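# An overview of the molecular structure
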Amino acid sequence: MTDAVPHALMANAVRALSMDAVQKANSGHPGMPMGMADVATVLFTKHLKFDAADPDWPDRDRFVLSAGHGSMLLYSALHLLGYEAMTLNELTRFRQLNSKTAGHPEYGHAPGIETTTGPLGQGIANAVGMALAERLMNACFGDDLVDHYTYALASDGDLMEGISQEAIALAGHLKLNRLIVLFDDNSITIDGALSLSDSTDQVARFEAAGWWAMRVDGHDEAAIDKAIAEAKLSDRPVLIATKTIIGKGAPNKAGTASSHGAPLGADEIAGAREALAWPHEPFVVPDDVAGAWRLAGRRGRTARETWEGRMEAADAATRDEFHRRLAGDVAPALDEAIAALKRSYAETPQKVATRKASEMTLDAVNEALPETIGGSADLTGSNNTKSKGQEDVAPGDFGGRFIRYGIREHGMAAAMNGMALHGGLIPYSGTFLVFSDYCRPSIRLAALMRQRVIHVMTHDSIGLGEDGPTHQPVEHLAALRAIPNLAVYRPADVVETAECWQLALTDRHRPSVLALTRQGLAQVRHGFVAENLCARGAYELAAADREAKVSIFATGSEIAVALEARTLLEAQGIAARVVSVPCFERFAEADEAYREETIGAAPLRVGIEAAVRQGWDSLIGNNGIFVGMATFGASAPYEDLYRHFGITAEAVVEQVRARLG
C-alpha cells in the first residue's frame, strides 16, 4: 500500500465496516469479509484494473464475488475506493428494502457489482464466461481495445457445488489464462469444520483440470501480492488457495462457524476493535485510511485514459462496431435477414422439425450478427445450433464462434450468463428441453439479472419418441413459464421459428428459451406477412367460417392437431377458430384489448399442448378443455404416443361434442 498507511489499517477498514454493517442489520455474514480482507485489499489496491470514476469502462478487469454471502466485503471495498453510488449511508442500510446493499450482491443495484451471486458455484461459472468473453472479444478487436483479467473470489461452498467442476474443467480445457480464482481456504462451513463433510485437495483438483494452482498465506500481504503478479503471467487459468482465518480479529469467534452467518454481537465487536487496534466508532474510517483507499480507486485513471486514446485512434468502422456491440444494439441486418427468410418460405413452403428450422434461421442470423456465439452441451447434431461456416472455439484459439461445452449443461448456462454480463456478445446454446432442469438455476439468475441469453432446447415433448419418459419433457414448459422475466417460445413451423429467434435476439433485458421439435412439422403460415405475428405472444391463425362456438389454442407441434380438429368440427357444423400461442409471456404483456380480441367470445375454449395443463387456465379458464399430458410419457414411435395419450384431432372433437351436447 502507500508508505503512509500500512496494509493492516487498509484491511482493517474493510473488516470494521463489514462487521458494523452486519451488526446494524442484525443479519448477514461477517466472517468471510473479515477473513478475506487482506486478499481483497491487495487485489483492489495493487492489481485490479479499474477506475472508480468510470465504473463501466469496457476494458476494466472484472471482479466476481462468487462467495456472495460475504457481500459486505465488496460493498465496503466499493465505498472505500470511491464508487459514487456506494455511499456510507448505503452501508448503514445493509439488507434493507430498496438499498443498494442487498444481502447478496445483485447486478444492477450499483456499479462495481458485476453479477448476482449467492447461490454457490454460480459466480465462479459466471467468471469463466466473462474470461471467455474477454478472449472472444480480443480475437475480434485486438489487444489495444480488449486486454483485461477476470478475478473470482470463491469459498469452500462454491467449490463443493457440482457446477464448479463443470466450470473449471471447461476453463482448463480452453486455457483461459486471463482467469484468476482466489480461494478463501478457511476450512469452515455453516455446519462447522470443513472436515465434517469434505476432504478434497482443491489444489490437486484444479491441477487435474489443467489449471496452475498454488497455496499462499491469506494474511501475508507480500505473499498475496507475489502470487497474483505471477498468476497474471500464466498460460493457464490460475487458482490461488489463500489460507485464511474466518472472522479474523474477532477474539472468540475467529476461526469458527459462529462467525460465518450471524452478527458477532456487541461484546465480540468491542473485542475485535481492540484486537485490530481499531478504536473508531461504527462506520467511521479515519481520514488517512480513507484517503489511501480513494487514491487506490483513482489508480486506474491513466490506464483508462490511455485506452480511450487507443479507441479514438481506431478506424471509424471499428469504433462504431465496438460501441454498438457493447451497447447491445442489434444491427438492422437482422430484420433484413428474417424478412428474407419469411419471403423464401412463402415462395417455397418447408416441412421440417423446428430444430431444423432454427438451424436454417441461424444460418442467416449468424451471418448478419457477428456478436452471436453459439454452442451445445455435446448435442450439436441434435440441437442444430451450429450454422454454416461457424468455426469452433479451441484451446488457446478464440477466433471461432461455436463452443463445445461438453456434457456440462449447468456450467454452460452459467458461463453464458457471464458472457452476456461481460458485454459485446449474444450467447446461445443447445441441449434437450428435459435437461432444462440442469440449467434452471442459471436460467433463473439470467432472468433476475435481465440478461439476453438464449437457450435452444430441442426434443420438446413426447414427440421425440423412442427415447422414452426419461427424455420426454412433460412438466418443463410449465416450470420454465413460472420463472419471472423469462420468455419461453414454442414455435409451430419455420415461419414462427424465424420470428421467435428475431424476438429473442432483440429482447435485450431477458433470457429466452426456444422449445423445438425433433419431428417434422408442416408449414402452417402461408404467404408473406412483414409483421412479426409472434411479437404479441398469440394470434388468430385460422378464423371460423361464422360465429365461433369453439376457440382452440395450441403451441408448437400441436398446432397441426388444432387445425385438423377445426376442419373436422367445421365439417360437423361446429364453427371453430385456431389461435397460435408461441409465447405465453408476451401474450400476458399485450394490451387488454388485443388479449380480449385474440381470446375471443366463443363459449368453449380448448387448449392443446403435449405437456401438463399448469398455466393454461389463464387462456382457457377453469372450465376449458385441455388436451395434453397428465402423466409421464413412454417409449414408442411418436405417432403411437400421440394416439396413446389422446393428443389427436379426433380426441379434441370427441371432447368438444361431449361438452356442447
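Further up the page is the structure itself.
The structure reproduced in this document is the subject of the present report. (Residues numbered from 1 in each chain as written. Predicted model: local features only at pLDDT ≥ 70, side-chain atom pairs only at ≥ 80, totals over all residues. Heavy atoms only, no water.)

To continue, consider the overall build of the protein. When helices and strands are counted, the protein shows 27 helices and 20 strands. Its C-alpha atoms give the protein a radius of gyration of 28 Å, within 12% of the compact-globule value 26 Å for 661 residues. The C-alpha extent of the protein, read off along each of the three principal axes, is 90 × 55 × 45 Å. Here the protein, with 661 residues, has 61% of them falling under the buried criterion. A separation of at least 24 residues holds for 77% of the contacts in the protein among residues at least 6 apart in sequence. (Helix = DSSP H or I, 4+ residues; strand = E, 2+ residues; numbered from the N terminus. Rg over C-alpha atoms; globule rule 2.2 N^0.38 Å. Buried < 20%, exposed > 50% of the residue type's maximum accessible area, 1.4 Å probe, protein only. Contact = heavy atoms within 4.5 Å.)

Going through the model one piece at a time under the given rule, you end up with four cavities of 30 Å³ or more. Size it by volume and the largest cavity reaches roughly 90 Å³. Around the largest cavity, the lining comprises 13 residues; the ones closest to its centre are Leu48, Asp61, Tyr83, Gly112 and Glu114. Listed by contribution, the elements that provide at least two residues to the lining of the largest cavity are β1 (62-65) and α4 (71-81). A breakdown of the residues in the lining of the largest cavity according to their chemical character gives eight nonpolar, one polar and four charged. (1 Å grid on protein atoms, 1.4 Å probe; cavity = no way out; pocket = protein on both sides within 12 Å on 5 of 7 lines; lining within 4 Å. Points joined across faces, edges and corners; volume = space filled by probe spheres on them. Nonpolar A, V, L, I, M, F, W, Y, C, P; charged D, E, K, R; others polar.)

Glancing now at the environment of Asp198. Looking at the element boundaries, Asp198 is found in the loop between β5 (192-193) and α9 (202-208). Put simply, Asp198 and Ser187 are eleven residues apart on the chain and 9.5 Å apart in space, counted from C-alpha to C-alpha. Of note is the side chain of Asp198, whose polar atom sits 3.0 Å from the side chain of Thr200. (Polar contact = N/O pair within 3.5 Å; in protein donor to acceptor, adjacent residues only side chain to side chain.)

What follows is about the environment of Ile124. On the secondary structure map, Ile124 appears in helix α6 (residues 122-141). Spatially, the C-alpha atoms of Ile124 and Leu65 are 8.3 Å apart, while their sequence positions differ by 59 residues. Residues within four places of Ile124 in sequence aside, it is in contact with Ser66, Leu159, Ser164, Ile168, Val181 and Phe206.

This part takes up the layout of surface pockets. Volume-wise, the largest pocket comes out at about 730 Å³. Taken together, 31 residues line the largest pocket, and the ones lying closest to its centre are Tyr107, Leu326, Ala420, Leu421 and Gln451. Those elements giving two or more residues to the lining of the largest pocket turn out to be α14 (316-327) and α18 (409-422). By residue class, the composition of the lining of the largest pocket is 13 nonpolar, eight polar and ten charged. In this structure, the second largest pocket encloses a volume near 460 Å³. For the lining of the second largest pocket, the secondary structure elements donating two or more residues are β15 (520-521), α22 (558-571), α26 (638-644) and α27 (649-660). Residue contributions to the lining of the second largest pocket peak at five residues, all from α22. Classifying every residue of the lining of the second largest pocket by side-chain character gives eleven nonpolar, five polar and six charged.

Right, let's get into the packing of aromatic side chains. Within this structure, the stated rule accounts for 16 aromatic pairs. Between Phe141 and Phe322 the ring centres are 5.1 Å apart and the planes differ by 85 degrees, which places this aromatic pair in the edge-to-face class. Here the residue Phe141 occupies a position in helix α6, and Phe322 occupies one in helix α14, the gap between them amounting to 181 residues. Given a relative accessible area of 2%, Phe322 falls into the buried group. Ring centres of Trp616 and Phe626 lie 5.8 Å apart, and the angle between their planes is 45 degrees; on these two criteria the pair is classed as tilted. You can see Trp616 sitting in the loop between β19 (604-608) and α25 (617-620) and its partner Phe626 sitting in strand β20 (residues 625-627), a full ten residues away along the chain. This pair shows no difference in class: Trp616 is buried, exactly as Phe626 is. Put simply, the rings of Phe44, Phe50, Phe63 and Tyr83 touch in pairs and so form one group of aromatic residues. Just above the ring of Tyr149 sits the side chain of Arg178; from NZ or CZ to the centre is 4.8 Å. Above the plane of the ring of Phe584 lies Arg481, whose end atom (NZ or CZ) is 3.9 Å from the centre. (Phe/Tyr/Trp six-rings, centres within 6.5 Å; stacked < 30°, edge-to-face > 60°. Lys NZ or Arg CZ within 6 Å of the ring centre and 35° of its normal.)

Once that is clear, we can look at the sheet that holds β20. Pairing is mixed across the open sheet formed by five strands, whose spatial order is β16-β18-β17-β19-β20. Looking along the sheet, the strands with just one partner apiece sit at the ends: β16 (539-542) and β20. On average, each strand axis in the sheet is tilted by 30 degrees relative to the strand beside it, whichever way the strands run. Looking at chain direction, strand β17 (residues 550-554) and β19 are connected through five bridges and run parallel. Among the inter-strand pairings, Val550 is bridged to a residue of β19, identified as Leu604. Of the strands in this sheet, β16, β17, β18 (576-580) and β19 are in contact with α22, which crosses β18 at around 170 degrees. (Pairing = 2+ DSSP bridges. Axes fitted to C-alpha atoms, helices over the stretch in contact; angles between N-to-C directions.)

This next bit is on the pattern of salt bridges. What the rule picks out here adds up to 39 salt bridges. Lys226 is the salt-bridge partner of Glu230, the closest N and O atoms lying 2.6 Å from each other. Of the two residues, Glu230 and Lys226 both sit in helix α10 (residues 221-231), four residues apart, roughly one turn of that helix. Assessed through its relative accessible area of 29%, Glu230 is described here as partly exposed. With its nearest N and O atoms 3.7 Å apart, the salt bridge here joins Arg566 to Asp545. Placement of the pair is Arg566 in helix α22 and Asp545 in the loop between β16 and β17, with a sequence separation of 21 residues. (Salt bridge = Lys/Arg side-chain N within 4 Å of Asp/Glu carboxyl O.)

Regarding helix α11 (residues 266-275), the residues found buried are Glu268, Ile269, Gly271, Ala272 and Arg273. Once α11 finishes, Ala277 follows within two positions and takes phi at roughly 55 degrees, a positive value.

Turning next to the environment of Ala250. When you line up the elements, Ala250 lands in the loop between β7 (238-243) and α11. For Ala250, a relative accessible area of 5% gives the class buried. Residues Ala250 and Arg15, spaced 235 residues apart in sequence, show a C-alpha to C-alpha distance of 9.9 Å. Aside from chain neighbours lying at most four places away, what touches Ala250 is Met34, Leu264, Glu268 and Ala272.

As for its position among the elements, Glu359 is in helix α16 (residues 354-368). Side chain to side chain, Glu359 and Asn384 meet in a polar contact 2.9 Å long. Those residues in contact with Glu359 that lie beyond four places of it in its chain are Asn384 and Lys386.

Among the nonpolar cores identified, the biggest contains 81 residues, and Ile552, Val606 and Ile608 are the most heavily contacted of them. The element that contributes the greatest number of residues to this core is helix α21 (residues 494-506), accounting for eight residues. Here Ile552 is in contact with Ala562, Ala565, Arg566, Leu569, Ala576, Arg577, Val578, Val579, Val606 and Ile608, once residues within four sequence places are set aside. In terms of nonpolar packing, the next biggest core, distinct from the first, is built from 66 residues, Phe44, Ala77, Ile113 and Val238 among them. (Core = buried A, V, L, I, M, F, W, Y, C linked by side-chain atoms within 4.5 Å.)

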